[in-house]
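Observations on the model geometry
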Amino acid sequence: MSLESATRFLEAAAHDEELRERFEQVHTPEEFLHMVEQLGYSFTAAELMVLAKEQSQGIAVRRHTGVWKWLRHVNWV
């Protein structure tokens, strides 16, 4: 499990609409992590949140599309 794996996943998802579409029906962190494991990535929800926080610093406007769209709909707590 690593931030490096989470980074590779987010980079792939940023450029692959088919990959993002696979996550549209994901509603829990467990479902999300199970799916990323099936795709060959290995990271925890906590590692993903660290990375998301780092990449979101200084961002004032959020888009309603892109990689983060489906990440926002998962109840991470």
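Residues numbered from 1 in each chain as written. Predicted model: local features only at pLDDT ≥ 70, side-chain atom pairs only at ≥ 80, totals over all residues. Heavy atoms only, no water.

1. Focus on the packing of aromatic side chains
The following threshold applies: Note on ring pairs: Phe, Tyr and Trp rings are taken, using the six-membered ring of Trp, and paired if centres are within 6.5 Å. Classes follow the plane angle, with under 30 degrees stacked, over 60 edge-to-face and the rest tilted. Numbering of helices and strands runs from the N terminus; a helix is a DSSP stretch of H or I covering at least four residues, while a strand is a stretch of E covering at least two. Burial classification: accessible surface area is computed with a 1.4 Å probe over protein chains only, and a residue below 20% of its type maximum counts as buried, one above 50% as exposed, and the rest as partly exposed.
One pass over the full model with this rule turns up 6 aromatic pairs. Pairing Phe9 with Phe23 gives two aromatic rings, centres 5.5 Å apart and planes at 70°, and the pair type is edge-to-face. Highlighted residues: Phe9 in helix 1 (residues 3–15) and Phe23 in the loop between helix 2 (17–21) and helix 3 (29–38), separated in sequence by 14 residues. With respect to burial, Phe9 and Phe23 carry one shared label: buried. Both rings, one in Phe23 and one in Phe32, keep their centres 5.2 Å apart while their planes meet at 45°; by these two values the pair is tilted. As far as the burial class goes, Phe23 and Phe32 line up, both buried.

2. Re the environment of Thr28
We count it as follows: In protein, a polar contact means a hydrogen-donor-capable atom and an acceptor-capable atom, both N or O and within 3.5 Å, with residues adjacent in sequence counting only if both atoms are side-chain atoms; elsewhere, any N or O pair within 3.5 Å suffices.
Examined against the element boundaries, Thr28 turns out to sit in the loop between helix 2 and helix 3. Relative accessible area serves as the criterion here: at 27%, Thr28 is assigned to the partly exposed category. A sequence separation of 47 residues divides Thr28 from Asn75, and the C-alpha atoms of the two residues are 5.9 Å apart. In terms of polar contacts, Thr28 uses its side chain to reach the backbone amide nitrogen of Glu31, at 3.0 Å.

Purely geometric stuff here, so don't read any function into it on its own.
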